[in-house]
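Inside the fold
Below are the chains, spelled out letter by letter.
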Amino acid sequence: MSRAWRGCEEWSDVKAAVYYGVRDIRVEEQPVPAIEGDDILLEVEACAICGTDVRTFLNGSSTVTPPRVLGHEVCGIVREISAGMNDGPRVGDRVIVAPAVGCGYCRDCQSGAPNMCERLRTLGLDCDGGFAEYMVVPARARFNLIKVPEGLAPEHATLAEPLACCINGQDQVGIRLGDSVVVIGAGPIGCMHTLLARLRGALKVVVIDKVRDRLGVAKELGATEVLCSESDEPVSSVLEITGGAGADVVIVACPSSEAQGQALQMCARRGRVLLFGGLPPGKTASLDTNLIHYKQIHVTGSHASTVLQNRLSVQLLASRVIPSEKLLTRVEPLDRIREAFDAAVSATEMKIAVKLH
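Predicted model, so just to flag it, every value in this text is computed and none were measured.

Counted under the stated rule, the structure contains 2 aromatic pairs. Geometrically, the ring pair formed by phenylalanine 57 and phenylalanine 341 is tilted, given 5.0 Å between the ring centres and 45 degrees between the ring planes. Within this pair, whereas phenylalanine 57 is found in helix α1 (residues 51–59), its partner phenylalanine 341 is found in helix α12 (residues 337–346), the two being separated by 284 residues in sequence. With respect to burial, phenylalanine 57 and phenylalanine 341 carry one shared label: buried. Ring centres of phenylalanine 131 and phenylalanine 341 lie 5.9 Å apart, and the angle between their planes is 70 degrees; this geometry places the pair in the edge-to-face category. Within this pair, whereas phenylalanine 131 is found in the loop between β9 (121–122) and β10 (134–137), its partner phenylalanine 341 is found in helix α12, the two being separated by 210 residues in sequence. Accessibility assignment for this pair places phenylalanine 131 and phenylalanine 341 in one class, buried. Among the aromatic residues, those joined into a cluster by ring pairs are Phe57, Phe131 and Phe341.

Quick look at the structure:
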């Protein structure tokens, strides 16, 4: 098969946005990718831009070899599967993709953490992803496709993957009823963390960012206090808000080494710090490890998410517990993907999705 099904016994070339290097994404026509064996052909309806996509666009990536179709926050329709496949998705199903695909055999996979697989493959990074009208889902990822409930629009369903990553992160630090939580970064990820922290029972959620407009959105989504780091000193302000104790949990939801250092300073004794936002290539943080030692702080990171966490995130979006309309603020067609990336870089929007069909 070399051409894409249009639903009326007609095949035609399709469009894909191909990443060739730093700041170089080109929309091209190409045949639909052929599937082999038990691969699955997905007609992509929408794909959102992730912070990882933005970092790759700006700086390149050690895990992405151009030319590559980026995009791993995907919602689409199953169009072709192996005739002999009796389990998993069916033709016509609308699905989202949990993009972290484990081998199924290593220690991490078999202990329930396939996102930490030693042979992990990530759709949209290690193989072509969702900024194309059609994409191939490898056979080993067929159980990473999760059916989307009726009523959840495709562009809103793309939020399931980043929301699942936030769920994974908060699972690591165990936010409890009555906790005080600080979220550094009020972008879409920081706002998702804010929503989830309140759902888990946090009494105080302090959100810090240098962009005042984003702080307004964070306040709408449940932040009890907001701080602009351009005018408020973050550490002393958090200590004042918490009566000098510091926060039970600090989540660094931005790619900032300075914020990682501040997180230790504003964390309470026996508190927990989540380093959620990865740093750009070549950047490192200088941390005062005596703070970890003497305050007995638990510091952890989180990476990607599991299929179960993606399934939960879809349910939260479909039930409207998570107000996706406040998080997704811009939708562009594939032909305007460069403008969509420029907007993501400028941080003038919250979440941005590219609509393919």
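This paragraph deals with the environment of arginine 176. Structurally, arginine 176 can be placed in the loop between α4 (160–173) and β12 (180–184). Distance from arginine 176 to threonine 194, taken between C-alpha atoms, is 14 Å for residues 18 residues apart in sequence. Apart from residues lying up to four places away in sequence, arginine 176 is in contact with Arg200, Gly201, Ala202 and Arg272.

Moving on, we get to the packing of α1 against α12. Two elements in contact, α1 and α12, have axes separated by 10 Å at closest approach and are oriented at 100 degrees. On the basis of the axis angle, α1 is roughly perpendicular to α12. Of the residues in α12, those in contact with Asp53, Val54, Phe57 and Leu58 of α1 are Arg338, Phe341, Asp342, Ala344 and Val345. Tallied by class, residues from the contact of α1 with α12 come to 6 nonpolar, no polar and 3 charged.

Next up on the list: the pairing of β10. Neither face of β10 is exposed, since Tyr134 and Val136 on one face and Met135 and Val137 on the opposite face are all buried. Relative to β10, strand β5 (residues 40–48) runs antiparallel, the two sharing 4 bridges. Bridge pairing in β10 links glutamate 43 to tyrosine 134.

Roughly 200 Å³ of volume is contained in the second largest pocket. Taken together, the residues of the lining of the second largest pocket sort by class into 7 nonpolar, 3 polar and 1 charged.

This part covers helix α6 (residues 212–220). Along α6, the positions that sit buried rather than exposed are Arg214, Leu215, Val217 and Ala218. All buried residues of α6 fall inside an arc of 155 degrees around its axis, so they share one side. Opposite the packed face of α6, turned more than 90 degrees from it, sit the exposed residues Arg212, Asp213 and Glu220. Each element contacted by the buried residues of α6 is listed here: α5 (188–199), β13 (204–209), β14 (225–228) and α11 (324–327). Just beyond α6, the residue with positive phi is glycine 222, at close to 120 degrees.

Here we take up the confidence of the model for the protein. Here the protein shows a mean pLDDT of 93. Residues at 70 or above account for 96%. Overall, residues 1–10 carries pLDDT values under 50, and its contacts beyond four positions in sequence, including any with other chains, amount to 26 contacts.

Let's shift gears to the side chain of aspartate 39. Along the chain, aspartate 39 falls in the loop between β4 (24–30) and β5. We note that aspartate 39 is buried and unpaired, the nearest opposite charge coming from arginine 121 at a distance of 7.7 Å. At 3.0 Å, the side chain of aspartate 39 forms a polar contact with the backbone nitrogen of alanine 139.

Moving on to the nonpolar core. As a rule of thumb, soluble globular proteins bury nonpolar side chains together. The biggest cluster of nonpolar side chains holds 48 residues, and the ones touching the most others in it are Val181 and Leu327. Breaking this core down by element, the ones donating at least two residues are α4, β12, α5, β13, α6, β15 (247–252) and α10 (307–318). Grouped together as the second largest cluster of nonpolar side chains are 38 residues, Ile25, Leu70, Leu334 and Val354 included.

For the rest of this paragraph, the subject is the packing of helix α7 (residues 234–241) against helix α8 (residues 257–266). Between α7 and α8, the shortest axis-to-axis distance is 9 Å and the interhelical angle comes to 30 degrees. It follows from the interaxial angle that α7 and α8 lie roughly parallel. Crossing geometry of α7 relative to α8 is assigned as right-handed. Listed contacts from α8 to Pro234, Val235, Val238 and Leu239 of α7 are Gln262, Gln265 and Met266. The residue makeup of the contact of α7 with α8, split by class, is 5 nonpolar, 2 polar and no charged.

Let us look at α12. Since there are 3.6 residues in each turn of an α-helix, residues three or four apart along the chain are aligned in direction. Looking only at α12, the buried set comprises Ile337, Ala340, Phe341 and Ala343. Looking down the long axis of α12, one finds its buried residues gathered within 160 degrees of arc, a one-sided arrangement. For α12, the elements touching its buried residues are β3 (14–21), β4, α1, β18 (328–333) and β19 (351–355). Of the residues one or two after α12, alanine 347 is the one with positive phi, at around 60 degrees.

The next subject is the pattern of salt bridges. For the coordinates displayed, the defined rule picks out 16 salt bridges. Taking the shortest distance from any N to any O, the salt bridge between aspartate 24 and arginine 26 comes out at 2.9 Å. When its relative accessible area of 38% is taken as the criterion, arginine 26 is described as partly exposed. Salt bridges sharing partners connect three or more residues here, namely Arg330, Glu332, Arg336 and Glu349.

Rules used in this analysis
Residues numbered from 1 in each chain as written. Predicted model: local features only at pLDDT ≥ 70, side-chain atom pairs only at ≥ 80, totals over all residues. Heavy atoms only, no water. Phe/Tyr/Trp six-rings, centres within 6.5 Å; stacked < 30°, edge-to-face > 60°. Helix = DSSP H or I, 4+ residues; strand = E, 2+ residues; numbered from the N terminus. Buried < 20%, exposed > 50% of the residue type's maximum accessible area, 1.4 Å probe, protein only. Contact = heavy atoms within 4.5 Å. Axes fitted to C-alpha atoms, helices over the stretch in contact; angles between N-to-C directions. Parallel < 35°, antiparallel > 145°, perpendicular 65-115°, else oblique. Nonpolar A, V, L, I, M, F, W, Y, C, P; charged D, E, K, R; others polar. Pairing = 2+ DSSP bridges. 1 Å grid on protein atoms, 1.4 Å probe; cavity = no way out; pocket = protein on both sides within 12 Å on 5 of 7 lines; lining within 4 Å. Points joined across faces, edges and corners; volume = space filled by probe spheres on them. Arc of directions from axis to C-beta. pLDDT = per-residue confidence, 0-100. Lys, Arg positive; Asp, Glu negative; His and termini not counted. Salt bridge = Lys/Arg side-chain N within 4 Å of Asp/Glu carboxyl O. Polar contact = N/O pair within 3.5 Å; in protein donor to acceptor, adjacent residues only side chain to side chain. Core = buried A, V, L, I, M, F, W, Y, C linked by side-chain atoms within 4.5 Å. Left-handed = near helix turned anticlockwise from the far one by under 90°.

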